[in-house]
Amino acid sequence: MAPAVVLEGIQKSFGKLEVLSGIDLEVEEHEVLCLIGASGSGKSTLLRCVNLLEPVDSGRIVIHGEDVTAREVDVNEVRRRIGIVFQAFNLFPHMSVLKNVTLGPRKALRVPRRDAEERATELLTRFGLADKRDEYPDRLSGGQQQRVAIVRALAMEPDIMLLDEVTSALDPALVGEVLSVIRDLAQSGMTMLIATHEMGFARETADRVCFLDQGRILEQGTPDRIFTEPVQPRTQEFLRRIIEAGRM
Amino acid sequence: MFTVLALVIVTAPGWDDFRKSFLNTHLWWSSFPDIARGFLVNIRVFCISEVLILILALGIAILRSLPGPVFFPIRALAIVYTDVFRGLPTIMVVYILAFGIPALQLTDASWYRSQTYWSIIALTLVYSAYVAEVYRAGIQSVHPSQEAAARSLGLSRWQALRHVVLPQAVRRVVPPLLNDFIGLQKDTALLSIVGPVEAFRQAQIAESANFNFSVYVPASLLFLALTIPLARLTDYLIERDRRRFLASGGV
Ligand SMILES: Nc1ncnc2c1ncn2[C@@H]1O[C@H](COP(=O)(O)OP(=O)(O)OP(=O)(O)O)[C@@H](O)[C@H]1O
Ligand SMILES: [Mg+2]
(Lines give C-alpha, C1' and ligand atoms only; values in the text may rest on other atoms or scores of the structure.)
(Ligands and ions follow the chains in the order given, each with its own letter.)
Protein backbone atom coordinates (compact mmCIF):
# COMPACT_ATOMS: atom_id res chain seq x y z
CA MET A 1 0.00 0.00 0.00
CA ALA A 2 1.21 3.50 -0.84
CA PRO A 3 2.30 5.65 2.11
CA ALA A 4 -0.25 8.23 3.28
CA VAL A 5 2.05 11.14 2.49
CA VAL A 6 5.26 11.32 0.50
CA LEU A 7 7.23 14.55 0.29
CA GLU A 8 10.03 14.71 -2.27
CA GLY A 9 12.49 17.59 -2.30
CA ILE A 10 10.04 20.20 -1.07
CA GLN A 11 11.39 23.72 -1.43
CA LYS A 12 9.62 26.87 -0.38
CA SER A 13 10.78 30.48 -0.13
CA PHE A 14 9.06 33.65 0.97
CA GLY A 15 10.79 36.25 -1.15
CA LYS A 16 14.50 35.83 -0.48
CA LEU A 17 13.98 33.78 2.68
CA GLU A 18 14.27 30.06 1.99
CA VAL A 19 12.06 28.39 4.59
CA LEU A 20 12.05 24.79 3.34
CA SER A 21 15.27 23.64 1.66
CA GLY A 22 14.52 20.21 0.29
CA ILE A 23 12.32 18.14 2.57
CA ASP A 24 12.05 14.39 1.92
CA LEU A 25 9.62 12.56 4.13
CA GLU A 26 7.28 9.58 4.08
CA VAL A 27 4.39 9.15 6.47
CA GLU A 28 2.85 5.69 6.65
CA GLU A 29 -0.84 5.01 7.00
CA HIS A 30 -1.85 5.24 10.72
CA GLU A 31 1.51 6.71 11.63
CA VAL A 32 1.78 9.57 14.11
CA LEU A 33 4.71 11.77 13.19
CA CYS A 34 5.83 14.68 15.35
CA LEU A 35 7.81 17.59 13.92
CA ILE A 36 9.97 19.37 16.45
CA GLY A 37 12.39 22.21 15.97
CA ALA A 38 13.11 25.78 16.94
CA SER A 39 10.76 28.62 16.20
CA GLY A 40 11.10 29.63 12.56
CA SER A 41 12.51 26.26 11.45
CA GLY A 42 9.59 25.85 9.01
CA LYS A 43 7.20 23.46 10.80
CA SER A 44 4.05 25.47 10.11
CA THR A 45 5.09 26.16 6.54
CA LEU A 46 5.64 22.45 5.94
CA LEU A 47 2.16 21.58 7.22
CA ARG A 48 0.56 24.36 5.18
CA CYS A 49 2.33 23.07 2.09
CA VAL A 50 1.00 19.55 2.64
CA ASN A 51 -2.62 20.66 2.34
CA LEU A 52 -1.72 23.14 -0.40
CA LEU A 53 -2.48 26.30 1.58
CA GLU A 54 1.00 27.37 0.47
CA PRO A 55 2.17 26.51 -3.05
CA VAL A 56 5.60 24.85 -3.09
CA ASP A 57 8.37 26.22 -5.29
CA SER A 58 9.64 22.79 -6.26
CA GLY A 59 9.28 19.18 -5.21
CA ARG A 60 6.38 16.75 -5.18
CA ILE A 61 3.68 15.96 -2.65
CA VAL A 62 2.07 12.57 -3.10
CA ILE A 63 -1.01 11.73 -1.05
CA HIS A 64 -2.11 8.07 -1.13
CA GLY A 65 -0.27 7.63 -4.40
CA GLU A 66 -1.66 10.74 -6.07
CA ASP A 67 0.66 13.60 -6.98
CA VAL A 68 -1.25 16.61 -5.64
CA THR A 69 1.35 19.12 -6.83
CA ALA A 70 0.44 18.28 -10.44
CA ARG A 71 -1.14 21.17 -12.31
CA GLU A 72 -4.51 19.67 -13.08
CA VAL A 73 -5.24 18.65 -9.47
CA ASP A 74 -8.35 20.10 -7.83
CA VAL A 75 -6.94 21.64 -4.65
CA ASN A 76 -10.35 21.80 -2.99
CA GLU A 77 -10.77 18.08 -3.48
CA VAL A 78 -7.34 17.40 -1.95
CA ARG A 79 -8.01 19.61 1.06
CA ARG A 80 -11.26 17.83 1.80
CA ARG A 81 -9.26 14.71 2.58
CA ILE A 82 -6.73 16.47 4.80
CA GLY A 83 -7.75 18.12 8.05
CA ILE A 84 -5.67 20.91 9.56
CA VAL A 85 -5.90 22.49 12.99
CA PHE A 86 -4.18 25.79 13.62
CA GLN A 87 -2.38 27.21 16.61
CA ALA A 88 -4.86 30.11 16.85
CA PHE A 89 -7.98 27.90 16.37
CA ASN A 90 -9.31 30.13 13.55
CA LEU A 91 -12.93 29.31 14.32
CA PHE A 92 -15.51 31.37 12.42
CA PRO A 93 -16.63 33.93 15.01
CA HIS A 94 -19.95 34.71 13.32
CA MET A 95 -21.16 31.13 13.43
CA SER A 96 -22.33 28.90 16.24
CA VAL A 97 -20.25 25.85 17.11
CA LEU A 98 -22.66 23.66 15.16
CA LYS A 99 -22.42 25.89 12.08
CA ASN A 100 -18.62 25.94 12.34
CA VAL A 101 -18.57 22.17 12.31
CA THR A 102 -21.17 21.65 9.56
CA LEU A 103 -19.96 24.33 7.14
CA GLY A 104 -17.32 22.14 5.48
CA PRO A 105 -19.48 19.01 5.06
CA ARG A 106 -22.45 21.02 3.82
CA LYS A 107 -20.71 23.32 1.36
CA ALA A 108 -17.68 21.30 0.27
CA LEU A 109 -19.14 17.80 0.45
CA ARG A 110 -22.79 18.77 -0.19
CA VAL A 111 -24.02 16.68 2.73
CA PRO A 112 -27.69 17.53 3.45
CA ARG A 113 -28.08 19.80 6.45
CA ARG A 114 -29.82 17.32 8.74
CA ASP A 115 -27.24 14.62 8.13
CA ALA A 116 -24.39 17.07 8.66
CA GLU A 117 -25.92 18.29 11.92
CA GLU A 118 -26.53 14.79 13.17
CA ARG A 119 -22.96 13.80 12.45
CA ALA A 120 -21.63 17.02 13.99
CA THR A 121 -23.66 16.46 17.14
CA GLU A 122 -22.24 12.95 17.41
CA LEU A 123 -18.69 14.24 17.13
CA LEU A 124 -19.29 17.09 19.56
CA THR A 125 -20.72 14.63 22.05
CA ARG A 126 -17.73 12.33 21.63
CA PHE A 127 -15.40 15.22 22.48
CA GLY A 128 -17.46 16.46 25.43
CA LEU A 129 -18.83 19.53 23.66
CA ALA A 130 -22.47 18.55 23.25
CA ASP A 131 -23.69 21.37 25.52
CA LYS A 132 -21.72 23.95 23.51
CA ARG A 133 -23.46 23.14 20.23
CA ASP A 134 -25.30 26.46 19.98
CA GLU A 135 -22.71 28.71 21.61
CA TYR A 136 -20.59 31.19 19.67
CA PRO A 137 -16.80 30.71 19.74
CA ASP A 138 -16.10 33.81 21.84
CA ARG A 139 -18.10 32.28 24.70
CA LEU A 140 -15.85 29.22 24.91
CA SER A 141 -12.57 28.67 26.75
CA GLY A 142 -9.42 28.31 24.65
CA GLY A 143 -9.37 24.56 25.24
CA GLN A 144 -12.99 24.22 24.17
CA GLN A 145 -12.36 26.35 21.09
CA GLN A 146 -9.43 24.20 20.07
CA ARG A 147 -11.46 21.03 20.56
CA VAL A 148 -14.19 22.52 18.36
CA ALA A 149 -11.53 23.27 15.74
CA ILE A 150 -10.43 19.63 15.89
CA VAL A 151 -14.04 18.47 15.56
CA ARG A 152 -14.51 20.87 12.64
CA ALA A 153 -11.60 19.22 10.83
CA LEU A 154 -12.78 15.71 11.75
CA ALA A 155 -16.29 16.40 10.44
CA MET A 156 -14.81 16.26 6.93
CA GLU A 157 -13.78 12.66 7.69
CA PRO A 158 -10.21 13.28 6.59
CA ASP A 159 -7.68 10.49 6.01
CA ILE A 160 -4.88 12.63 7.39
CA MET A 161 -4.78 15.26 10.13
CA LEU A 162 -2.23 18.07 10.33
CA LEU A 163 -1.90 19.70 13.74
CA ASP A 164 0.10 22.89 14.06
CA GLU A 165 1.09 23.58 17.66
CA VAL A 166 -2.48 23.20 18.69
CA THR A 167 -1.72 23.78 22.38
CA SER A 168 0.72 26.72 22.22
CA ALA A 169 -1.97 29.37 22.49
CA LEU A 170 -3.58 27.67 25.49
CA ASP A 171 -3.46 28.34 29.17
CA PRO A 172 -1.30 25.54 30.71
CA ALA A 173 -4.34 24.27 32.61
CA LEU A 174 -6.19 23.69 29.33
CA VAL A 175 -3.41 21.90 27.46
CA GLY A 176 -4.28 18.51 28.92
CA GLU A 177 -7.83 18.30 27.60
CA VAL A 178 -6.67 19.02 24.05
CA LEU A 179 -3.73 16.62 24.19
CA SER A 180 -5.97 13.84 25.42
CA VAL A 181 -8.24 14.37 22.41
CA ILE A 182 -5.23 13.98 20.13
CA ARG A 183 -4.13 10.85 21.99
CA ASP A 184 -7.59 9.38 21.35
CA LEU A 185 -7.23 10.19 17.67
CA ALA A 186 -3.83 8.52 17.56
CA GLN A 187 -5.28 5.42 19.18
CA SER A 188 -8.12 5.33 16.68
CA GLY A 189 -5.50 4.99 13.95
CA MET A 190 -5.63 8.47 12.44
CA THR A 191 -2.59 9.36 10.33
CA MET A 192 -1.22 12.55 11.82
CA LEU A 193 1.54 15.07 11.23
CA ILE A 194 1.97 17.10 14.39
CA ALA A 195 4.13 20.17 14.85
CA THR A 196 4.63 20.58 18.56
CA HIS A 197 6.66 22.09 21.37
CA GLU A 198 5.18 19.59 23.86
CA MET A 199 8.12 17.19 24.07
CA GLY A 200 6.53 14.99 26.70
CA PHE A 201 3.51 14.53 24.50
CA ALA A 202 5.64 13.85 21.41
CA ARG A 203 7.63 11.29 23.30
CA GLU A 204 4.66 9.26 24.47
CA THR A 205 2.38 9.60 21.40
CA ALA A 206 4.60 9.77 18.34
CA ASP A 207 5.65 6.76 16.33
CA ARG A 208 8.44 8.83 14.87
CA VAL A 209 9.95 12.23 15.62
CA CYS A 210 11.58 14.52 13.04
CA PHE A 211 13.86 17.33 14.06
CA LEU A 212 13.54 20.24 11.65
CA ASP A 213 16.38 22.72 11.45
CA GLN A 214 16.70 25.60 9.00
CA GLY A 215 14.26 24.08 6.55
CA ARG A 216 15.77 20.58 6.59
CA ILE A 217 14.99 17.38 8.43
CA LEU A 218 18.25 17.06 10.28
CA GLU A 219 17.47 13.94 12.25
CA GLN A 220 14.62 11.49 12.67
CA GLY A 221 13.86 8.32 14.58
CA THR A 222 11.75 6.78 17.28
CA PRO A 223 10.95 9.15 20.12
CA ASP A 224 13.10 7.14 22.48
CA ARG A 225 16.11 7.41 20.26
CA ILE A 226 15.70 11.11 19.46
CA PHE A 227 15.08 12.13 23.03
CA THR A 228 17.66 9.91 24.74
CA GLU A 229 20.49 9.64 22.23
CA PRO A 230 20.29 12.37 19.58
CA VAL A 231 23.19 12.12 17.16
CA GLN A 232 23.35 15.58 15.61
CA PRO A 233 24.93 18.35 17.70
CA ARG A 234 22.12 20.76 16.78
CA THR A 235 19.49 18.30 17.96
CA GLN A 236 21.38 17.84 21.22
CA GLU A 237 21.60 21.61 21.60
CA PHE A 238 17.87 22.07 20.91
CA LEU A 239 16.88 19.39 23.41
CA ARG A 240 19.26 20.71 26.04
CA ARG A 241 17.65 24.16 25.75
CA ILE A 242 14.20 22.65 26.05
CA ILE A 243 15.21 20.79 29.19
CA GLU A 244 16.81 23.91 30.64
CA ALA A 245 13.61 25.83 29.96
CA GLY A 246 11.81 23.17 32.00
CA ARG A 247 9.65 22.09 29.10
CA MET A 248 10.45 18.40 29.31
CA MET B 1 -25.62 81.21 24.20
CA PHE B 2 -28.75 80.42 22.22
CA THR B 3 -30.56 83.39 23.71
CA VAL B 4 -27.77 85.67 22.52
CA LEU B 5 -27.90 84.13 19.08
CA ALA B 6 -31.69 84.44 19.00
CA LEU B 7 -31.44 88.10 20.06
CA VAL B 8 -28.90 88.85 17.34
CA ILE B 9 -31.19 87.29 14.76
CA VAL B 10 -34.47 88.95 15.77
CA THR B 11 -32.84 92.38 16.08
CA ALA B 12 -31.11 92.06 12.71
CA PRO B 13 -32.12 94.74 10.20
CA GLY B 14 -33.53 92.21 7.78
CA TRP B 15 -35.49 90.24 10.39
CA ASP B 16 -38.90 91.44 9.23
CA ASP B 17 -38.19 90.54 5.63
CA PHE B 18 -36.73 87.24 6.69
CA ARG B 19 -39.81 86.43 8.73
CA LYS B 20 -42.10 87.22 5.84
CA SER B 21 -40.20 85.20 3.31
CA PHE B 22 -39.18 82.19 5.40
CA LEU B 23 -41.50 81.91 8.37
CA ASN B 24 -44.88 82.26 6.75
CA THR B 25 -46.62 79.48 8.65
CA HIS B 26 -49.67 79.64 6.45
CA LEU B 27 -47.52 78.77 3.46
CA TRP B 28 -45.83 75.98 5.45
CA TRP B 29 -49.17 74.26 5.77
CA SER B 30 -50.59 75.00 2.35
CA SER B 31 -47.50 73.88 0.49
CA PHE B 32 -46.99 70.77 2.59
CA PRO B 33 -49.21 68.26 0.69
CA ASP B 34 -47.59 68.96 -2.68
CA ILE B 35 -44.09 68.88 -1.25
CA ALA B 36 -44.83 65.68 0.64
CA ARG B 37 -46.03 64.13 -2.60
CA GLY B 38 -42.78 65.25 -4.21
CA PHE B 39 -40.91 63.71 -1.33
CA LEU B 40 -42.37 60.32 -2.18
CA VAL B 41 -40.34 60.59 -5.38
CA ASN B 42 -37.22 61.17 -3.30
CA ILE B 43 -37.99 58.15 -1.18
CA ARG B 44 -38.58 55.99 -4.21
CA VAL B 45 -35.39 57.12 -5.90
CA PHE B 46 -33.52 56.63 -2.63
CA CYS B 47 -34.79 53.11 -2.09
CA ILE B 48 -34.21 51.93 -5.65
CA SER B 49 -30.70 53.39 -5.85
CA GLU B 50 -29.84 52.04 -2.42
CA VAL B 51 -30.60 48.47 -3.45
CA LEU B 52 -28.72 48.88 -6.74
CA ILE B 53 -25.75 50.45 -4.93
CA LEU B 54 -25.50 47.68 -2.36
CA ILE B 55 -25.32 45.12 -5.15
CA LEU B 56 -23.06 46.96 -7.62
CA ALA B 57 -20.66 48.13 -4.92
CA LEU B 58 -20.32 44.64 -3.52
CA GLY B 59 -19.48 43.36 -6.98
CA ILE B 60 -16.82 46.04 -7.45
CA ALA B 61 -15.34 45.42 -4.00
CA ILE B 62 -15.12 41.69 -4.71
CA LEU B 63 -13.44 42.30 -8.07
CA ARG B 64 -10.96 44.63 -6.42
CA SER B 65 -10.12 42.03 -3.79
CA LEU B 66 -9.28 39.28 -6.27
CA PRO B 67 -5.73 38.11 -5.55
CA GLY B 68 -2.83 37.32 -7.86
CA PRO B 69 -1.43 38.68 -11.10
CA VAL B 70 -4.06 36.92 -13.26
CA PHE B 71 -6.74 39.28 -12.03
CA PHE B 72 -4.67 42.42 -12.36
CA PRO B 73 -6.68 43.82 -15.35
CA ILE B 74 -9.96 43.33 -13.49
CA ARG B 75 -8.57 44.96 -10.36
CA ALA B 76 -7.26 47.85 -12.47
CA LEU B 77 -10.70 48.37 -14.02
CA ALA B 78 -12.31 48.42 -10.59
CA ILE B 79 -9.75 50.97 -9.41
CA VAL B 80 -10.36 53.21 -12.42
CA TYR B 81 -14.09 53.00 -11.77
CA THR B 82 -13.84 54.05 -8.13
CA ASP B 83 -11.35 56.80 -8.91
CA VAL B 84 -13.48 58.29 -11.68
CA PHE B 85 -16.80 58.23 -9.89
CA ARG B 86 -15.43 59.44 -6.58
CA GLY B 87 -13.62 62.24 -8.39
CA LEU B 88 -16.55 63.61 -10.42
CA PRO B 89 -19.03 65.95 -8.73
CA THR B 90 -22.29 64.06 -8.35
CA ILE B 91 -24.21 66.88 -9.99
CA MET B 92 -22.14 66.49 -13.17
CA VAL B 93 -22.78 62.80 -13.45
CA VAL B 94 -26.51 63.43 -13.00
CA TYR B 95 -26.39 66.09 -15.71
CA ILE B 96 -24.43 64.03 -18.17
CA LEU B 97 -26.62 60.96 -17.84
CA ALA B 98 -30.02 62.62 -17.49
CA PHE B 99 -29.54 65.09 -20.34
CA GLY B 100 -26.81 63.50 -22.39
CA ILE B 101 -28.08 60.00 -22.88
CA PRO B 102 -31.69 60.87 -23.82
CA ALA B 103 -30.25 63.47 -26.21
CA LEU B 104 -28.57 60.68 -28.14
CA GLN B 105 -32.07 59.46 -29.07
CA LEU B 106 -31.06 55.83 -29.21
CA THR B 107 -34.59 54.54 -28.74
CA ASP B 108 -38.08 55.88 -28.24
CA ALA B 109 -38.83 53.84 -25.15
CA SER B 110 -40.33 55.86 -22.29
CA TRP B 111 -37.78 54.63 -19.76
CA TYR B 112 -35.04 55.88 -22.07
CA ARG B 113 -36.44 59.40 -22.01
CA SER B 114 -37.13 59.34 -18.25
CA GLN B 115 -34.83 61.64 -16.33
CA THR B 116 -35.76 59.92 -13.09
CA TYR B 117 -34.45 56.69 -14.52
CA TRP B 118 -31.11 58.18 -15.55
CA SER B 119 -30.79 60.05 -12.26
CA ILE B 120 -31.15 56.79 -10.40
CA ILE B 121 -28.40 55.30 -12.57
CA ALA B 122 -26.20 58.35 -11.97
CA LEU B 123 -26.61 58.20 -8.19
CA THR B 124 -25.99 54.47 -8.28
CA LEU B 125 -22.77 54.86 -10.25
CA VAL B 126 -21.43 57.60 -7.98
CA TYR B 127 -22.40 56.10 -4.65
CA SER B 128 -21.27 52.60 -5.64
CA ALA B 129 -17.74 53.96 -5.90
CA TYR B 130 -17.85 55.12 -2.27
CA VAL B 131 -19.69 52.11 -0.95
CA ALA B 132 -17.33 49.72 -2.77
CA GLU B 133 -14.45 51.26 -0.82
CA VAL B 134 -16.37 50.75 2.42
CA TYR B 135 -16.98 47.11 1.57
CA ARG B 136 -13.36 46.65 0.58
CA ALA B 137 -12.13 48.02 3.90
CA GLY B 138 -14.45 45.50 5.55
CA ILE B 139 -13.14 42.60 3.48
CA GLN B 140 -9.56 43.56 4.27
CA SER B 141 -10.32 43.78 7.97
CA VAL B 142 -11.11 40.06 8.08
CA HIS B 143 -7.87 38.28 8.98
CA PRO B 144 -6.44 36.07 6.20
CA SER B 145 -6.39 33.14 8.63
CA GLN B 146 -10.19 33.08 8.36
CA GLU B 147 -10.00 32.46 4.65
CA ALA B 148 -7.23 29.92 5.18
CA ALA B 149 -9.43 28.04 7.65
CA ALA B 150 -12.32 28.00 5.19
CA ARG B 151 -10.14 26.91 2.28
CA SER B 152 -8.55 24.20 4.43
CA LEU B 153 -12.02 22.65 4.75
CA GLY B 154 -12.11 22.34 0.98
CA LEU B 155 -14.36 25.33 0.34
CA SER B 156 -13.75 27.06 -2.97
CA ARG B 157 -12.49 30.62 -3.04
CA TRP B 158 -16.01 31.86 -3.76
CA GLN B 159 -17.56 29.73 -0.98
CA ALA B 160 -14.98 31.00 1.51
CA LEU B 161 -15.80 34.57 0.50
CA ARG B 162 -19.52 34.00 0.59
CA HIS B 163 -19.81 32.12 3.89
CA VAL B 164 -16.82 33.26 5.93
CA VAL B 165 -15.29 36.54 4.76
CA LEU B 166 -18.28 38.60 3.55
CA PRO B 167 -20.60 37.97 6.53
CA GLN B 168 -17.89 39.24 8.87
CA ALA B 169 -16.92 42.10 6.58
CA VAL B 170 -20.47 43.38 6.09
CA ARG B 171 -21.22 43.27 9.80
CA ARG B 172 -18.25 45.53 10.45
CA VAL B 173 -19.16 48.12 7.84
CA VAL B 174 -22.85 48.65 8.57
CA PRO B 175 -22.26 52.00 10.36
CA PRO B 176 -20.15 53.58 7.59
CA LEU B 177 -22.63 52.24 5.02
CA LEU B 178 -25.47 54.01 6.78
CA ASN B 179 -23.39 57.18 6.74
CA ASP B 180 -23.13 57.01 2.98
CA PHE B 181 -26.87 56.50 2.75
CA ILE B 182 -27.53 59.67 4.69
CA GLY B 183 -25.54 61.43 1.97
CA LEU B 184 -27.49 59.63 -0.73
CA GLN B 185 -30.80 60.60 0.80
CA LYS B 186 -29.80 64.26 0.63
CA ASP B 187 -28.45 63.95 -2.88
CA THR B 188 -31.82 62.78 -4.20
CA ALA B 189 -32.60 66.53 -4.23
CA LEU B 190 -30.23 66.72 -7.22
CA LEU B 191 -33.04 65.28 -9.30
CA SER B 192 -34.64 68.73 -9.19
CA ILE B 193 -32.04 70.11 -11.58
CA VAL B 194 -32.86 67.66 -14.33
CA GLY B 195 -36.62 67.76 -14.14
CA PRO B 196 -38.40 65.15 -12.02
CA VAL B 197 -40.74 66.83 -9.58
CA GLU B 198 -39.39 65.69 -6.25
CA ALA B 199 -39.68 67.53 -2.92
CA PHE B 200 -37.08 70.20 -3.57
CA ARG B 201 -38.39 70.88 -7.09
CA GLN B 202 -41.94 71.01 -5.76
CA ALA B 203 -40.79 73.55 -3.21
CA GLN B 204 -39.17 75.63 -5.96
CA ILE B 205 -42.45 75.62 -7.84
CA ALA B 206 -44.36 76.71 -4.77
CA GLU B 207 -41.72 79.35 -4.09
CA SER B 208 -42.09 81.01 -7.48
CA ALA B 209 -45.88 80.80 -7.29
CA ASN B 210 -45.89 82.63 -3.97
CA PHE B 211 -42.69 84.67 -4.20
CA ASN B 212 -41.89 83.26 -0.80
CA PHE B 213 -39.15 81.00 0.54
CA SER B 214 -41.18 79.63 3.44
CA VAL B 215 -41.98 76.60 1.35
CA TYR B 216 -38.41 75.32 1.82
CA VAL B 217 -39.04 74.80 5.52
CA PRO B 218 -41.41 71.84 5.15
CA ALA B 219 -39.12 70.42 2.46
CA SER B 220 -36.14 70.62 4.83
CA LEU B 221 -38.12 69.07 7.65
CA LEU B 222 -39.05 66.12 5.43
CA PHE B 223 -35.38 65.47 4.65
CA LEU B 224 -34.46 65.74 8.32
CA ALA B 225 -37.28 63.37 9.24
CA LEU B 226 -35.51 60.70 7.26
CA THR B 227 -31.82 61.49 7.80
CA ILE B 228 -31.90 62.06 11.56
CA PRO B 229 -33.29 58.60 12.39
CA LEU B 230 -30.65 57.14 10.05
CA ALA B 231 -27.95 59.07 11.88
CA ARG B 232 -29.20 57.90 15.28
CA LEU B 233 -29.33 54.31 14.05
CA THR B 234 -25.73 54.64 12.88
CA ASP B 235 -24.64 55.96 16.28
CA TYR B 236 -26.49 53.17 18.02
CA LEU B 237 -24.81 50.50 15.90
CA ILE B 238 -21.35 52.01 16.39
CA GLU B 239 -21.89 52.15 20.13
CA ARG B 240 -23.18 48.57 20.19
CA ASP B 241 -20.13 47.34 18.27
CA ARG B 242 -17.83 49.20 20.62
CA ARG B 243 -19.45 47.62 23.64
CA ARG B 244 -19.28 44.17 22.06
CA PHE B 245 -15.64 44.68 21.28
CA LEU B 246 -14.89 45.66 24.87
CA ALA B 247 -16.94 42.76 26.20
CA SER B 248 -15.00 40.30 24.06
CA GLY B 249 -11.75 41.44 25.69
CA GLY B 250 -10.53 43.65 22.84
CA VAL B 251 -8.05 46.41 23.52
N1 LIG C 1 3.42 34.13 4.74
C2 LIG C 1 4.71 34.35 5.03
N3 LIG C 1 5.38 35.37 4.44
C4 LIG C 1 6.68 35.59 4.72
N5 LIG C 1 7.41 34.86 5.58
C6 LIG C 1 6.82 33.85 6.21
C7 LIG C 1 5.44 33.53 5.97
N8 LIG C 1 5.12 32.46 6.73
C9 LIG C 1 6.23 32.12 7.40
N10 LIG C 1 7.26 32.94 7.10
C11 LIG C 1 8.64 32.83 7.61
O12 LIG C 1 9.07 31.52 7.40
C13 LIG C 1 9.87 31.08 8.47
C14 LIG C 1 9.35 29.76 8.99
O15 LIG C 1 8.08 29.98 9.57
P16 LIG C 1 7.20 28.84 10.19
O17 LIG C 1 5.98 29.49 10.67
O18 LIG C 1 7.05 27.73 9.23
O19 LIG C 1 8.10 28.35 11.40
P20 LIG C 1 7.71 27.39 12.61
O21 LIG C 1 8.73 26.33 12.64
O22 LIG C 1 6.31 26.99 12.50
O23 LIG C 1 7.91 28.34 13.85
P24 LIG C 1 7.07 28.40 15.21
O25 LIG C 1 7.59 27.30 16.07
O26 LIG C 1 7.40 29.75 15.76
O27 LIG C 1 5.63 28.26 14.84
C28 LIG C 1 9.87 32.19 9.50
O29 LIG C 1 11.08 32.90 9.38
C30 LIG C 1 8.71 33.06 9.10
O31 LIG C 1 8.97 34.40 9.40
MG1 LIG D 1 4.53 27.46 13.56
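The notes below deal with the structure included here. (Residues numbered from 1 in each chain as written. Chains lettered and ligands numbered in written order. Predicted model: local features only at pLDDT ≥ 70, side-chain atom pairs only at ≥ 80, totals over all residues. Heavy atoms only, no water.)

1. Quick look at the site of ligand 1
All names here are of chain A.
Here comes step 1: Neighbouring residues of ligand 1: 13 residues in total, closest Ser-39, Gly-40, Lys-43, Ser-44 and Thr-45.
Here comes step 2: Gly-40 places a main-chain nitrogen or oxygen 2.8 Å from an oxygen atom of ligand 1.
Here comes step 3: Here an oxygen atom of ligand 1 sits 2.8 Å away from a polar atom, N or O, in the side chain of Lys-43.
Here comes step 4: Across the complex, the protein chains shield 61% of the 630 Å² of accessible surface that ligand 1 would expose by itself.
Here comes step 5: Considering every element that reaches the shell around ligand 1, the biggest residue donor is helix 1 (residues 43–50), with 3 residues.
Here comes step 6: The residue makeup of the shell around ligand 1, split by class, is 4 nonpolar, 7 polar and 2 charged. (Near = heavy atom within 4 Å. Polar contact = N/O pair within 3.5 Å; in protein donor to acceptor, adjacent residues only side chain to side chain. Areas by Shrake-Rupley, 256 points an atom, 1.4 Å probe, with all protein chains shown as cover. Helix = DSSP H or I, 4+ residues; strand = E, 2+ residues; numbered from the N terminus. Nonpolar A, V, L, I, M, F, W, Y, C, P; charged D, E, K, R; others polar.)

2. Let's talk about the pattern of salt bridges
Residue and element names in this part refer to chain A.
Here comes step 1: One pass over the full model with this rule turns up 25 salt bridges over all chains.
Here comes step 2: Glu-117 is the salt-bridge partner of Arg-113, the closest N and O atoms lying 3.2 Å from each other. Residue Arg-113 and its partner Glu-117 are located together in helix 4 (residues 113–126), separated by 4 residues, close to a single helical turn.
Here comes step 3: Residues joined by salt bridges that share partners form a network here, namely Glu-237, Arg-240, Arg-241 and Glu-244. (Salt bridge = Lys/Arg side-chain N within 4 Å of Asp/Glu carboxyl O.)

3. A closer look at helix 5 (residues 142–154) of chain A
Here comes step 1: Taking 1.5 Å of rise per residue, 13 residues should cover 18 Å, and helix 5 of chain A covers 18 Å from first to last C-alpha, within 8% of that figure.
Here comes step 2: With 13 of 13 residues buried, helix 5 of chain A is to be regarded as a mostly interior element. (Expected span 1.5 Å × (residues − 1). Buried < 20%, exposed > 50% of the residue type's maximum accessible area, 1.4 Å probe, protein only.)

4. Quick look at the sheet that holds strand 1 (residues 5–14) of chain A
Residues and elements named next belong to chain A.
Here comes step 1: The strand order 2-1-4-5 describes an open sheet built from 4 strands, whose pairing is antiparallel. Each having just a single partner strand, strand 2 (17–27) and strand 5 (66–67) make up the two edges of the open sheet.
Here comes step 2: Bridge count for strand 4 (residues 58–63) against strand 5 is 2 bridges, and the pairing is antiparallel. Within the sheet, the bridge partner assigned to Val-62 lies in strand 5 and is Asp-67.
Here comes step 3: The sheet strands contacting helix 1 are strand 1, strand 2 and strand 4, and the helix crosses strand 1 at an angle near 120 degrees. (Pairing = 2+ DSSP bridges. Contact = heavy atoms within 4.5 Å. Axes fitted to C-alpha atoms, helices over the stretch in contact; angles between N-to-C directions.)

5. Observations regarding the interface of chain B and chain A
Here comes step 1: Chain B puts 18 residues into the contact, and the matching count from chain A is 24 residues.
Here comes step 2: Looking at the side of chain B facing chain A, the largest losses of area belong to Ser152(B), Leu153(B) and His163(B), adding up to 34% of the total buried there.
Here comes step 3: Taken together, the links from chain B to chain A amount to 0 salt bridges.
Here comes step 4: Between the two partners, chain B and chain A, sit 6 residue pairs in polar contact (both at pLDDT 80 or more).
Here comes step 5: Looking at the side of chain B that touches chain A, the elements with two or more residues in it are helix 8 (144–152) and helix 9 (157–187) of chain B.
Here comes step 6: With 7 residues, the single largest contributor to the side of chain B that touches chain A is helix 8 of chain B.
Here comes step 7: Its residues assigned to classes, the side of chain B that touches chain A comprises 7 nonpolar, 9 polar and 2 charged. (Buried area = accessible area lost by both parts, 1.4 Å probe.)

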